[in-house]
Amino acid sequence: MRASEEQLRAWMIGGLDGNAASHAALLRALVPLLRGFYRRRASGSDEDIEDLVQETLLAVHARRGTYDRDRQFTAWLFAIARYKMIDHFRRGRRLTPIDGIEELLVADSFAEASDARMDIEGLLETLPAKQAAAIRATRIDGQSVAEAAIAHGIGESDVKVSVHRGLKALMARVQGGRR
Amino acid sequence: MNTDHLIEQLAREVPPVRRNVVGLRIAIGMIAGALISVLVVILWLGVRPDLADAMRGPAFWMKWGYTLSLSVLAIAATARLARPEPSGIGGLWPMAVPVLLLAGFGVAEMLRAPPTTWLAMWLGHSWRVCPWIVLILAAPIFIGLLWSFRRLAPTRLRAAGAAAGLASGAFAAMVYCLHCPEVSAIFVLTWYSLGILLAATIGALLGPRLLRW
């Protein structure tokens, strides 16, 4: 069974307080999460995926001080995972992106990205909180349905339904706004 | 190496981490760099001889208020971008407040002075060198911040570089006040800001290369 956001966060905070067992439990729990994250996004041999997983574990360990205890742990984790993956692609390593690498790279041009983000944030605010959170997690932060479900402590089908309903409502709003 | 083995090794050394370690590291890097900048001012440019008198007048505090408020905002942005979170430099808009306030001061000053002196107020005695000195004084602070970033985790390297450049430039301008005898608000608004912007631009250019981890 995969660990929940609360469990991961508790282990992380334990590690930050100096508890080695808690830190080890966290790293072990991250392995399947990261493998899944990278397999869905990059194609290559299992060995290369494992290299990336290990690199990310090292980063999580070395930079754990940058985790803010009041924030969501999985958001911090996947931001690091995504950064490591883009860095890997940029350096022209063996893994190749499955899709959407252009989007990942374009998002680096921060001015455009932040403008677009503000538009999106404005629209998302008009939705019920659960739908907005589900869309934000799966469509903006690039988490999978399973990751989003863990992060928000709700079922996978609940995430899917929220995304579907939210997008439908947004579509209606945007088209309505144009007319 | 086997992943389980790696985890075992990593879990062997788990020192406790302080809550405010990001802020602390940025502060250490900035202060260490700024001390070098202060030394450069003392040894190369010289502290203005009338500093004690100047500190009793409004012009000095106008300059310090401007550069200090920009520094605080830029450091806050740098600290935000030092964490792996999807935030851009959109949070910098409060910087418009000190800029607009200073512009207001500048206009008020000009209205009180005869138009024939406006050009002299704007160019002062040192407009040719001011932006460059600010940029030079920003370099040690920027290097200090690069040291800070070695243990931090920026994921938007260009934005983080720009914020670090901005923070170094604004802080360097504060240090430069120890030497600079200029008194008009439009001088500061133009030439100080130009130096700060140069530092931010160079930071944005260098960020993707130097902040990778």
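(A) Structural view of the interface of chain B and chain A. Counting residues at the interface gives 36 residues for chain B, matched by 40 residues for chain A. Together chain B and chain A conceal approximately 3,200 Å² of surface at their shared face, both sides included; 60% is due to carbon and sulfur atoms. Between R212 of chain B and D87 of chain A there is a salt bridge whose closest N-O contact spans 3.2 Å. Joining chain B to chain A, the criterion identifies eleven residue pairs in polar contact (both at pLDDT 80 or more). Of all the elements in the fold, those that place two or more residues in the side of chain B that touches chain A are α1 (3–10), α2 (21–45) and α8 (157–176) of chain B. No other element matches α1 of chain B, which puts four residues into the side of chain B that touches chain A. In the side of chain B that touches chain A, the residues fall into 23 nonpolar, three polar and ten charged.

(B) Geometry of the state of the cysteines. Residue and element names in this part refer to chain B. For the coordinates displayed, the defined rule picks out zero disulfides over all chains. Its sulfur unpaired, C130 is 5.7 Å from the next cysteine sulfur, which belongs to C180. Between C177, a free cysteine, and C180, which holds the nearest cysteine sulfur, the sulfur-to-sulfur gap is 6.6 Å.

(C) Seen up close, the confidence of the model for chain B. Residue and element names in this part refer to chain B. Of the residues in chain B, 98% reach a pLDDT of 70 or more, and the chain-wide mean stands at 92. The lowest-confidence element of chain B is helix α3 (residues 51–54), averaging 88 in pLDDT; the highest-confidence one is helix α7 (residues 130–149), averaging 96. Note on the complex model: pTM 0.76, ipTM 0.84.

(D) Inspection of helix α4 (residues 58–81) of chain B at higher detail. Across its 24 residues, α4 of chain B extends 34 Å between first and last C-alpha, which sits within 8% of the 34 Å expected from 1.5 Å per residue. Those residues of α4 of chain B that are buried lie in contact with α2, α3, α5 (96–112), α7, α8 and α9 (185–210) of chain B.

(E) Summary view of the packing of aromatic side chains. Residues and elements named next belong to chain B. Applying the stated criterion to the full structure yields twelve aromatic pairs over all chains. With a centroid separation of 5.4 Å and 80° between ring planes, the pair formed by F60 and W61 is classed as edge-to-face. Residue F60 is classed as buried on the basis of its relative accessible area, which comes to 2%. Its relative accessible area of 43% is what places W61 among the partly exposed residues. Taken together, a centroid distance of 5.5 Å and an interplanar angle of 35° make the contact between W122 and W191 tilted.

Calculation rules
Residues numbered from 1 in each chain as written. Chains lettered and ligands numbered in written order. Predicted model: local features only at pLDDT ≥ 70, side-chain atom pairs only at ≥ 80, totals over all residues. Heavy atoms only, no water. Contact = heavy atoms within 4.5 Å. Buried area = accessible area lost by both parts, 1.4 Å probe. Salt bridge = Lys/Arg side-chain N within 4 Å of Asp/Glu carboxyl O. Polar contact = N/O pair within 3.5 Å; in protein donor to acceptor, adjacent residues only side chain to side chain. Helix = DSSP H or I, 4+ residues; strand = E, 2+ residues; numbered from the N terminus. Nonpolar A, V, L, I, M, F, W, Y, C, P; charged D, E, K, R; others polar. Disulfide = S-S within 2.5 Å. pLDDT = per-residue confidence, 0-100. Expected span 1.5 Å × (residues − 1). Phe/Tyr/Trp six-rings, centres within 6.5 Å; stacked < 30°, edge-to-face > 60°. Buried < 20%, exposed > 50% of the residue type's maximum accessible area, 1.4 Å probe, protein only.

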